Amino acid sequence: MKLAECLALAQLILTRYVLMICSILGIIGCFLNFFVFSKKNLRTSSCSIYFKATSIFNLLVIVCCITPVIIATYSREDPALYISIVCKTRAYTTHAFLMMSRSTVALTCVDRFALCSSHAYIRRLSQRHIAIRLVIITTILWLVIPIHVLLLTDVQLSGRCGGSGVYQIVYSIYATIVTSIPLVIMIIFSFWAIRSVQHSRARVFPIEGHVDGNENLAMRMKKRDIQLIVILISEVVVYLLSTVWYPLDTMYLTITASIVKTSDRVAIENFIRYLALNFFIFLNSCSLFYVHLLASKRFRHECKELFLNLFKHNQNNIELQVRSAKTPNHRQQINTFPNNTE
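Residues numbered from 1 in each chain as written. Predicted model: local features only at pLDDT ≥ 70, side-chain atom pairs only at ≥ 80, totals over all residues. Heavy atoms only, no water.

**So, helix 3 (residues 84–116)**
- The terminal C-alpha atoms of helix 3 lie 49 Å apart, and with 33 residues this matches the ideal 48 Å at 1.5 Å per residue to within 8%.
- With respect to burial, helix 3 is a largely interior element, 27 of its 33 residues being buried. (Helix = DSSP H or I, 4+ residues; strand = E, 2+ residues; numbered from the N terminus. Expected span 1.5 Å × (residues − 1). Buried < 20%, exposed > 50% of the residue type's maximum accessible area, 1.4 Å probe, protein only.)

**Focus on the UniProt feature "transmembrane region" (unreviewed entry) in the protein chain**
- Here the UniProt feature "transmembrane region" (unreviewed entry) sits at residues 17–37, 49–71, 91–110, 130–151, 171–194, 228–248 and 271–291.
- Each end of residues 17–37 is marked by a C-alpha atom, and these two atoms are 30 Å apart; helix forms 100% of the span and strand 0%. (UniProt positions renumbered as here; feature names shortened; annotations may be inferred.)

**Section: the side chain of Lys52**
- Looking at the secondary structure, you find Lys52 in helix 2 (residues 46–72).
- Among buried charged residues, Lys52 stands out as having no salt bridge; its nearest opposite-charge side chain is Glu302, 13 Å away. (Lys, Arg positive; Asp, Glu negative; His and termini not counted. Salt bridge = Lys/Arg side-chain N within 4 Å of Asp/Glu carboxyl O.)

**Considerations on the pattern of salt bridges**
- Under the definition given, this model contains five salt bridges.
- Across the pair Lys39 and Glu305 runs a salt bridge, and its minimum N-O distance is 3.0 Å. Here the residue Lys39 occupies a position in the loop between helix 1 (3–37) and helix 2, and Glu305 occupies one in helix 12 (residues 297–341), the gap between them amounting to 266 residues.
- You can call Lys39 buried: its relative accessible area is 11%.
- The exposure class assigned to Glu305 is partly exposed, which follows from its relative accessible area of 31%.
- In this structure, a network of salt bridges that share partners links the residues Lys39, Glu302 and Glu305.

**Some remarks on the confidence of the model for the protein chain**
- Mean pLDDT over the protein chain: 79, with 83% of residues reaching 70 or higher.
- Ranking the elements of the protein chain by mean pLDDT puts helix 8 (residues 217–220) last, at 46, and helix 5 (residues 128–144) first, at 93.
- Scored below 50 in pLDDT, residues 204–220 shows 22 contacts in the model against residues more than four places distant or in partner chains. (pLDDT = per-residue confidence, 0-100. Contact = heavy atoms within 4.5 Å.)

**Topic: the packing of helix 2 against helix 11 (residues 263–295)**
- At a minimum axis separation of 9 Å, helix 2 and helix 11 run at an interaxial angle of 140 degrees. What the angle tells us is that helix 2 and helix 11 run oblique. Crossing angle aside, the handedness with which helix 2 passes helix 11 is left-handed. Only Phe282, Ser285, Cys286, Leu288 and His292 of helix 11 make contact with helix 2, whose side of the interface consists of Phe51, Thr54, Asn58, Val61, Ile62, Cys65 and Ile66. (Axes fitted to C-alpha atoms, helices over the stretch in contact; angles between N-to-C directions. Parallel < 35°, antiparallel > 145°, perpendicular 65-115°, else oblique. Left-handed = near helix turned anticlockwise from the far one by under 90°.)

**Focus on the packing of aromatic side chains**
- Tallying each qualifying case throughout the model produces 12 aromatic pairs.
- Seen from their ring centres, Phe189 and Trp192 are 5.3 Å apart, and the 75 degrees between their planes marks the pair as edge-to-face. Taken together, the residues span about one helical turn, with Phe189 and Trp192 both in helix 7 (residues 165–204) at a distance of three residues.
- Judged by its relative accessible area of 38%, Trp192 is partly exposed.
- Counting every residue linked through ring pairs, the aromatic cluster contains Phe271, Tyr274, Phe279 and Phe280.
- Seen from the ring of Tyr74, Arg16 lies directly overhead, with NZ or CZ sitting 4.5 Å from the centre. (Phe/Tyr/Trp six-rings, centres within 6.5 Å; stacked < 30°, edge-to-face > 60°. Lys NZ or Arg CZ within 6 Å of the ring centre and 35° of its normal.)

**Comments concerning helix 5**
- With 17 residues, helix 5 extends 25 Å from end C-alpha to end C-alpha; this agrees with the ideal 24 Å at 1.5 Å per step.
- If you check which residues of helix 5 are buried, you get Ala131, Val135, Thr138 and Trp142. Buried positions in helix 5, seen along its axis, are confined to an arc of 65 degrees and lie on one side of it. Residues of helix 5 that are exposed and point over 90 degrees away from its buried face: Arg133 and Val144. (Arc of directions from axis to C-beta.)

Written out as structure tokens, the structure reads:
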């Protein structure tokens, strides 16, 4: 078997089986993520708004973007490779939903930095109503900005879905920029948030009984907020590991575009591009709930409480159903007793 055939088979296995399993787990994880951050003790935080929004966007990525790719592996031909509207719609929705998810993670980093800041006017940015507005604005922006993808992407003569000519080069530059910006924001503001927490602790804990001005910041930082920062950092790490390959691959292809390549080299480059563009990025959308579980003890505790509450709720429903099943019979006996005496 040739190298190109081996890599094509590996790509098929990764898409058909690995991505399918990850998608099922990802859908479950997105729902659980949303329910956990909707709990009464967590939903008061502005950070929970961003986490819930990210869960919704990731769910849309799985359902609208990953699922059609998986289904296409079970058919002879992918509709996106010969039907223009399918090609355009899939390219647009994939780009828009992925950017919404990335942007909300970046906004979460900014929110945690604001919360940890020693300046009161910066801390005011960490509020629920501001988070809701920013999520709405982000959603609208990423429905409007990628309109060019919907207009200029189409089925090409080579049998692929994408851009052509100058637009292909422009889109590569555009995609590298818009993918890198959220990543840079995540890294910078996560670093500043961690530094702020470290500095606030250094200012407060060595001085017992002395709290004034900015020195009470660490004491006002709740354990819940620290755990949310831990969860956020885990998201940033996973996002970095899953997304950084796409800009690198795009720059590599741009630099080597004029080089004559062998068929094996082209096959390897196509496989690497598949991993960077259609596997690792999608894997990120499916994995965040499980990353949260591994990263935060508090999150595991909240999940455990969620399951216990659901179990108790089901038990109460069963008891009510049993009681309601017995009550009509009892009432019927009471109602029929006078008629029998007559």
